[in-house]
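Survey of secondary and tertiary structure
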Amino acid sequence: MLHPETLEAYRKMTPSERLNLTLDMTRENFRRLLAGPPDIVARRFEVLRQQNDERNRRMLTAIARTRES
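The structure contained in this document is the topic of the report that follows. These numbers come from a predicted model, not from an experiment.

How each quantity is defined
- Residues numbered from 1 in each chain as written.
- Predicted model: local features only at pLDDT ≥ 70, side-chain atom pairs only at ≥ 80, totals over all residues.
- Heavy atoms only, no water.
- Patch = residues over 30% accessible without salt bridge, like charges linked within 9 Å, V, L, I, M, F, W, Y side chains within 5 Å.
- Areas by Shrake-Rupley, 256 points an atom, 1.4 Å probe, with all protein chains shown as cover.
- Salt bridge = Lys/Arg side-chain N within 4 Å of Asp/Glu carboxyl O.
- Helix = DSSP H or I, 4+ residues; strand = E, 2+ residues; numbered from the N terminus.
- Buried < 20%, exposed > 50% of the residue type's maximum accessible area, 1.4 Å probe, protein only.

Before going further, it helps to spend a moment on a nonpolar patch on the surface. On the surface, a cluster of nonpolar side chains totalling about 290 Å² of accessible area is made up of Met-59, Leu-60 and Ile-63. Mapping Met-59 onto the fold places it in helix α3 (residues 38–68). Accessibility expressed as a relative area gives 45% for Met-59, which makes it partly exposed.

Here we come to the pattern of salt bridges. Applying the stated rule across the entire model yields five salt bridges. In this structure, the salt-bridge partner of Arg-57 is Glu-54, at a minimum N-O distance of 2.5 Å. With a gap of three residues between them, Arg-57 and Glu-54 both fall in helix α3, about one helical turn apart. Taking the relative accessible area as the measure of exposure, Arg-57 reaches 43% and is therefore partly exposed. Close ionic contact of Arg-58 with Glu-54 constitutes a salt bridge, the shortest N to O distance being 3.9 Å. A residue pair is termed a helical-turn pair when its members lie 3 or 4 positions apart in one helix, as Arg-58 and Glu-54 do in helix α3 at four residues. Judged by its relative accessible area of 33%, Glu-54 falls in the partly exposed class. The network of salt bridges with common partners includes Glu-54, Arg-57 and Arg-58.

Dropping the structure here:
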């Protein structure tokens, strides 16, 4: 969980500032994502897929709940 001050700083950023921050972090960490043996790299991507699928499932469940009410 992020510190409340950090969250507030993110909220005050413009969308372009948040995008630039995201792209900078992606550039900095991309090489590490691909480092290591192929089976480890594949596992990292599988974990990312699982996390994305779970996040999408929760969002769709929440959207469906709001449409029901």
